[in-house]
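Topology and contacts: notes
Here are the chains, one letter per residue:
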Amino acid sequence: MTPDLVAHARGIIDANRYLILGTADPDRRPWTSPVYFAAHGDRAFYWLSATDTQHSRHLAQRPQASFVVFDSTVAPYHGRAVYAIGEAREVPEADLGHALAAYPRRDDPNVRGFTAEDVTGRSPYRLYLATVSDLWVLCPREPGQECPLHGLATDHRARVPSGLGAT
């Protein structure tokens, strides 16, 4: 059976709460940070961060970002991952209504909702949005087995077509 890469990506995104965000400083030195996220629609990922964190300061200067979503609890060589690149920025106040409807995840009873006052004005926190331009998955296969899509028995990425849909 050939895997549906869109459904595979959606399953990974829905099953995990953190993504590893990659940013770079003005000298292009990389920095990675775990952030609790909420995905919305096809290629939008929201998170809440303080404006003085390293990654927030990087994004204020360089919006290019990458990230990966994966389950670190699986056995070695059984990993599943979603990789993405795009641009990230602080959500403008005019877009906060839409952003606050998506963040935090509604399927997580351990996280309270936020108001515009929580992420504007004197608050040190802001909502951020990564808009994904390219998305890949680690092709689904069992260790030692060939991927049904590509016939490869090694780890490899496959581009995910647009179409993840709203969550």
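Residues numbered from 1 in each chain as written. Predicted model: local features only at pLDDT ≥ 70, side-chain atom pairs only at ≥ 80, totals over all residues. Heavy atoms only, no water.

Description of the pairing of strand β5 (residues 81-90)
With 7 bridges joining them, strand β4 (residues 64-70) and β5 adopt antiparallel strand pairing. When the bridges of β5 are listed, F67 appears paired with A84. (Pairing = 2+ DSSP bridges. Helix = DSSP H or I, 4+ residues; strand = E, 2+ residues; numbered from the N terminus.)

Side note on the side chain of T120
By secondary structure assignment, the location of T120 is in the loop between α3 (96-102) and β6 (125-138). The exposure class of T120 is buried, given its relative accessible area of 14%. When sequence neighbours within four positions are dropped, the list of residues in contact with T120 reads E93, L96, Y125 and R126. (Buried < 20%, exposed > 50% of the residue type's maximum accessible area, 1.4 Å probe, protein only. Contact = heavy atoms within 4.5 Å.)

Observations concerning the nonpolar core
Judged by nonpolar contacts, the single largest core of 28 residues is most densely connected at L19, F45, W47, F67 and V82. Secondary-structure elements contributing two or more residues to this core are α1 (5-15), β1 (18-24), β2 (30-40), β3 (44-50), β4, β5 and β6. With residues up to four places along the chain from it excluded, the contact list for F45 reads I13, L19, F37, A38, A39, F67, Y128, L129, A130 and V132. Among the nonpolar cores identified, the runner-up in size contains 14 residues, and Y46, V91, F114 and L127 belong to it. (Core = buried A, V, L, I, M, F, W, Y, C linked by side-chain atoms within 4.5 Å.)

Observations regarding the environment of S133
Within the secondary structure, S133 sits in strand β6. Note on S133: relative accessible area 49%, which makes it partly exposed. Linking S133 and G86, residues 47 residues apart in sequence, is a C-alpha distance of 4.8 Å.

Brief notes about α1
Buried within α1 are the following residues: L5, V6, H8, A9, R10, I12 and I13. Buried residues in α1 make contact with β2, β3, β4, β5, β6 and β7 (157-159).

Focus: the packing of aromatic side chains
Per the counting criterion, the structure on display carries 6 aromatic pairs. Judged by centre distance (5.9 Å) and plane angle (75 degrees), the rings of Y36 and Y103 are edge-to-face. With Y36 in strand β2 and Y103 in the loop between α3 and β6, the pair connects residues that are 67 residues apart, well separated along the chain. Using a relative accessible area of 12% as the deciding quantity, one classes Y36 as buried. We note R157 situated over the ring of Y83; from NZ or CZ to the ring centre the distance is 3.6 Å. (Phe/Tyr/Trp six-rings, centres within 6.5 Å; stacked < 30°, edge-to-face > 60°. Lys NZ or Arg CZ within 6 Å of the ring centre and 35° of its normal.)

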